[in-house]
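Results of the structural survey
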Amino acid sequence: MANDEYGSPPHPRRKTYMIIALGVLGFLGLFAVLSLIGVPGGSAPSLGPKSYRTNVDCQVNTVGSQGTVTISGTITGDATSYSVTVEVLDAASHQRIGVQTFEVRGTTSFGGNTAAQVPVGPAGIECKIAKVA
């Protein structure tokens, strides 16, 4: 070892042990993070899709080219609260003429009025549930 400028020869086993140790630590860290946030299908509770049944009805009242739509509906299901978005469509063209979102908590019914954004055609209107969250 006299006159050796670069130090002792590398020990390949040290490098192998270091790589294995880092791999084990990484796996343990990943396992810890996944157990904290929960994995779908695992033992941690996860939020799934809500199960529900809806019914919606609407009526339009027009004066000239302006209209007001009265929406009434019900929702039943396994959740305690829902956000229900109702679209109002012109029956002939299926063009959206109004939209309203209702926050339903502690009850099964929702309703209200919304302005019709364009004149309603002679075929009337249709209401549909666009989104439930």
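Summary of the structure given here. (Residues numbered from 1 in each chain as written. Predicted model: local features only at pLDDT ≥ 70, side-chain atom pairs only at ≥ 80, totals over all residues. Heavy atoms only, no water.)

A few points about the sheet that holds strand 3 (residues 81–90)
- Within the open sheet, the 3 strands sit side by side as 4-3-6. Their pairing is antiparallel. The outermost strands of the open sheet, each flanked by one partner alone, are strand 4 (96–105) and strand 6 (125–132). Across the sheet, the axes of successive neighbouring strands diverge by a mean angle of 25 degrees, strand direction being ignored.
- With 7 bridges connecting them, strand 3 and strand 6 associate as antiparallel partners. Bridge pairing in strand 6 places Val84 opposite Val132. (Pairing = 2+ DSSP bridges. Helix = DSSP H or I, 4+ residues; strand = E, 2+ residues; numbered from the N terminus. Axes fitted to C-alpha atoms, helices over the stretch in contact; angles between N-to-C directions.)

With respect to the side chain of Thr85
- Along the chain, the position of Thr85 falls in strand 3.
- Note on Thr85: relative accessible area 14%, which makes it buried.
- Not counting chain neighbours up to four residues away, the residues in contact with Thr85 comprise Val99, Gln100, Thr101, Lys128, Ile129, Ala130 and Lys131. (Buried < 20%, exposed > 50% of the residue type's maximum accessible area, 1.4 Å probe, protein only. Contact = heavy atoms within 4.5 Å.)

With respect to the sheet that holds strand 5 (residues 109–116)
- The 3 strands lie next to each other as 1-2-5, forming an open sheet whose pairing is antiparallel. Because the sheet does not close on itself, it has two edges, and the strands there are strand 1 (52–63) and strand 5. Between one strand axis and the next, the sheet turns through 15 degrees on average, direction left out of account.
- Alignment of strand 2 (residues 66–77) against strand 5, held across 8 bridges, turns out to be antiparallel.

Description of the state of the cysteines
- In this structure the tally under the stated criterion is 1 disulfide.
- One disulfide in the model links Cys58 with Cys127; its S-S distance is 1.7 Å. Around the S-S axis, the bridge from Cys58 to Cys127 shows a dihedral of about 125 degrees and counts as right-handed. Taken together, the positions of Cys58 in strand 1 and Cys127 in strand 6 put the pair 69 residues apart, joining distant regions of the chain. (Disulfide = S-S within 2.5 Å.)

A short note on a nonpolar patch on the surface
- A cluster of nonpolar residues, Tyr17, Met18, Ile20, Leu22, Val24, Leu25, Phe27 and Leu28, forms a patch on the protein surface that exposes about 880 Å² of accessible area.
- You can see Val24 is positioned in helix 1 (residues 12–37).
- For Val24, a relative accessible area of 44% puts it in the partly exposed group. (Patch = residues over 30% accessible without salt bridge, like charges linked within 9 Å, V, L, I, M, F, W, Y side chains within 5 Å. Areas by Shrake-Rupley, 256 points an atom, 1.4 Å probe, with all protein chains shown as cover. Salt bridge = Lys/Arg side-chain N within 4 Å of Asp/Glu carboxyl O.)

Brief notes about the environment of Ser51
- Relative to the assigned elements, Ser51 resides in the loop between helix 1 and strand 1.
- Using a relative accessible area of 44% as the deciding quantity, one classes Ser51 as partly exposed.
- The spacing of Ser51 and Thr76 is 25 residues in sequence and 8.6 Å in space, taken between C-alpha atoms.
- Ignoring any residue separated from it by four or fewer positions in sequence, one finds Ser51 in contact with Thr76, Gly77, Asp78 and Tyr82.

A word on the packing of aromatic side chains
- Under the defined criterion, the tally for this structure stands at 2 aromatic pairs.
- Ring centres 6.2 Å apart and planes at 70 degrees place the aromatic pair Tyr52 and Tyr82 in the edge-to-face group. One end of the pair, Tyr52, is in strand 1; the other, Tyr82, is in strand 3, and 30 residues separate them in sequence.
- Tyr52 gets classed as partly exposed once you look at its relative accessible area, which sits at 39%.
- Tyr82 gets classed as buried once you look at its relative accessible area, which sits at 4%. (Phe/Tyr/Trp six-rings, centres within 6.5 Å; stacked < 30°, edge-to-face > 60°.)

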